[in-house]
Amino acid sequence: WLYGATGHAFVLNICGDLCPSGPTDWNTSMFEKLGRNVGYKLEGVFGWKGKEDLAQLQVEAWEFVKNALDNDLPCYGWELDIPEFYVIKGYDDTGYYISGPGCDNGKGPVPWQNLGTSEIGVVKVHSLQLIQDPDDRKVIREALVYALEHGLTPEKYTDPRCYGGLQGYDAWIRSVEKGRAAAFGLAFNTAVWAECRKFAAQFLREAQERLHDSGLSDLIEMAIDQFEIVSQNLDNVKQTYPFDTELGMKPILQNERSQSAASVLWRAKEAESAGLEILSDIDSKI
């Protein structure tokens, strides 16, 4: 429900030749808007090294997190270790205590002055506060609006160097066909987007149950069928190029394996395109 209602289940963002930044390097502002539909509000501190005063951003982030945790609000932040998101579990006089990729059992203190000092240079911390949920119909309607927006006209959510939605499939397929996709990036992107589409189908199934008296069940079933095809095909690519943290950035080989993966990705794109058409029909009737 969370994956679909926040729009994440329908996201696809491909950067460069399957750069591993694809799953995170896009405009995630819809999380803040759509999150209110499922009962949470995000607040935080965000800025870029070089565009704002880094030292001031670091102080603001530090004070924000301390205040949020003192008020029992869960927090997370970007690149407190590797370039990923981390739960911020606590703090001391030195810095943050975290858990996440590479430190599932916890790590810390991470000096608070470390935020934003990497090559990426982003300071981003958020707290999450529970609020009242609206009705299911609004949740589903706005999730579908976003899914259609991102799938068909993704430009406002993507960096100029990246491709979103159905355009993202084209970039993905080209990169695999031409042997330009880096092994690590291909496997990582595939793992992320396959997980998203698995939850897209499951979200639609739950939406069907919650709208059982709307007269839309048959249409939603048709959409489920298409996104299950997407999910199955992306899972096939995931099995062909399984994710491993030891994979390097050397491009994949052009061979029968890569050509087969490209064909499977094309089938996933066709199913997603058909699924989006059905979602548009549902959106007009909901």
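Source: prediction; values computed, not measured.

Section: the packing of aromatic side chains
Argument step 1. Applying the stated criterion to the full structure yields 16 aromatic pairs.
Argument step 2. Ring plane angle 80° and centroid distance 6.2 Å describe the contact between F10 and F203, whose orientation is recorded as edge-to-face. Pair noted here: F10 is in the loop between α1 (2–5) and β1 (13–15) and F203 is in helix α6 (residues 183–210), with a separation of 193 residues, a long-range link.
Argument step 3. Owing to a relative accessible area of 2%, F10 belongs among the buried residues under this scheme.
Argument step 4. Measuring from ring centre to ring centre gives 5.5 Å for F10 and F227, while their planes differ by 85°; the resulting arrangement is edge-to-face. Taken together, the residues span a long stretch of sequence, with F10 in the loop between α1 and β1 and F227 in helix α7 (residues 217–240) at a distance of 217 residues.

Observations concerning the state of the cysteines
Argument step 1. Taken as a whole and assessed by the stated rule, the structure comprises one disulfide.
Argument step 2. Bridging C15 to C162, the disulfide has an S-S length of 2.1 Å. Every disulfide takes its handedness from the sign of the S-S torsion; for C15 and C162 that torsion is 95°, giving right-handed. In this pair, C15 is assigned in strand β1 and C162 in strand β8 (residues 162–164), connecting sequence segments 147 residues apart. Accessibility classification places C15 together with C162 in one group, the buried group.
Argument step 3. In this model C19 remains outside any disulfide bridge; the closest cysteine sulfur is found in C15, 6.0 Å from its own.
Argument step 4. On the basis of relative accessible area, C19 is assigned to the partly exposed category, the value being 31%.
Argument step 5. For the unlinked cysteine C196, the closest cysteine sulfur is that of C15, found at 14 Å.
Argument step 6. Judged by relative accessible area, which is 0%, C196 ranks as buried.

What about helix α5 (residues 165–177)?
Argument step 1. With 13 residues, α5 ought to run about 18 Å at 1.5 Å a step, and its terminal C-alpha atoms sit 19 Å apart, in line with that.
Argument step 2. By the burial criterion, the buried members of α5 are G165, L166, G168, Y169, A171, W172, I173, S175 and V176.
Argument step 3. Buried residues along α5 sit against β1, α4 (136–152), β8, α6, α7 and α8 (256–285).
Argument step 4. G179 sits one or two residues past α5 and shows a positive phi near 70°.

Thoughts on the pairing of strand β3 (residues 75–78)
Argument step 1. Of the strand pairs in this sheet, β3 and strand β4 (residues 85–91) are connected by four bridges, and their pairing is antiparallel. Residue Y76 lies in a different strand from β4, and its bridge partner there is V87.
Argument step 2. Between the end of β3 and the start of β4, which pair antiparallel, lie six residues, with E79 showing a positive phi angle near 55°.

Some details on the confidence of the model for the chain
Argument step 1. For the chain, mean pLDDT is 95; residues scoring 70 or higher make up 100% of the total.
Argument step 2. Model confidence for the chain, summarised as mean pLDDT per element, is weakest for helix α2 (residues 30–35) at 89 and strongest for strand β5 (residues 95–100) at 98.

Quick look at the packing of α5 against α8
Argument step 1. Where α5 contacts α8, the two axes come as close as 9 Å, and the packing angle between them is 170°. Comparing the axis directions of α5 and α8 gives the class roughly antiparallel. Contact residues: α5 offers L166, Y169, D170, W172, I173, V176 and E177, while α8 offers S258, Q259, A261, A262, L265, W266, A268, K269, E272, S273 and L276.
Argument step 2. Per-class residue counts for the contact of α5 with α8 are 11 nonpolar, three polar and four charged.

Some thoughts on the pairing of β5
Argument step 1. Of all six residues that make up β5, five are buried, and the element is covered over most of its length.
Argument step 2. Where β4 lies against β5, four bridges are found, and the strand directions are antiparallel. Of the residues in β5, the one forming a bridge with I88 is I98.
Argument step 3. Connecting the antiparallel pair β4 and β5 is a turn made up of three residues.
Argument step 4. Bridging between β5 and strand β6 (residues 103–111) involves four bridges; their strand directions are antiparallel. Across the sheet, Y96 pairs through a bridge with V110, a residue of β6.
Argument step 5. Linking β5 to β6, which pair antiparallel, is a turn of two residues; within it G102 sits at a positive phi near 85°.

A short note on the environment of L12
Argument step 1. One can find L12 in the loop between α1 and β1.
Argument step 2. Overall, L12 belongs to the buried group, its relative accessible area being 0%.
Argument step 3. When the C-alpha atoms of L12 and C196 are compared, they prove to be 8.6 Å apart, with 184 residues separating the residues in sequence.
Argument step 4. Apart from the residues within four sequence positions on either side, L12 is in contact with H150, Y163, G164, G165, G168, Y169, W172, W193 and R197.

The rules behind these values
Residues numbered from 1 in each chain as written. Predicted model: local features only at pLDDT ≥ 70, side-chain atom pairs only at ≥ 80, totals over all residues. Heavy atoms only, no water. Phe/Tyr/Trp six-rings, centres within 6.5 Å; stacked < 30°, edge-to-face > 60°. Helix = DSSP H or I, 4+ residues; strand = E, 2+ residues; numbered from the N terminus. Buried < 20%, exposed > 50% of the residue type's maximum accessible area, 1.4 Å probe, protein only. Disulfide = S-S within 2.5 Å. Expected span 1.5 Å × (residues − 1). Contact = heavy atoms within 4.5 Å. Pairing = 2+ DSSP bridges. pLDDT = per-residue confidence, 0-100. Axes fitted to C-alpha atoms, helices over the stretch in contact; angles between N-to-C directions. Parallel < 35°, antiparallel > 145°, perpendicular 65-115°, else oblique. Nonpolar A, V, L, I, M, F, W, Y, C, P; charged D, E, K, R; others polar.

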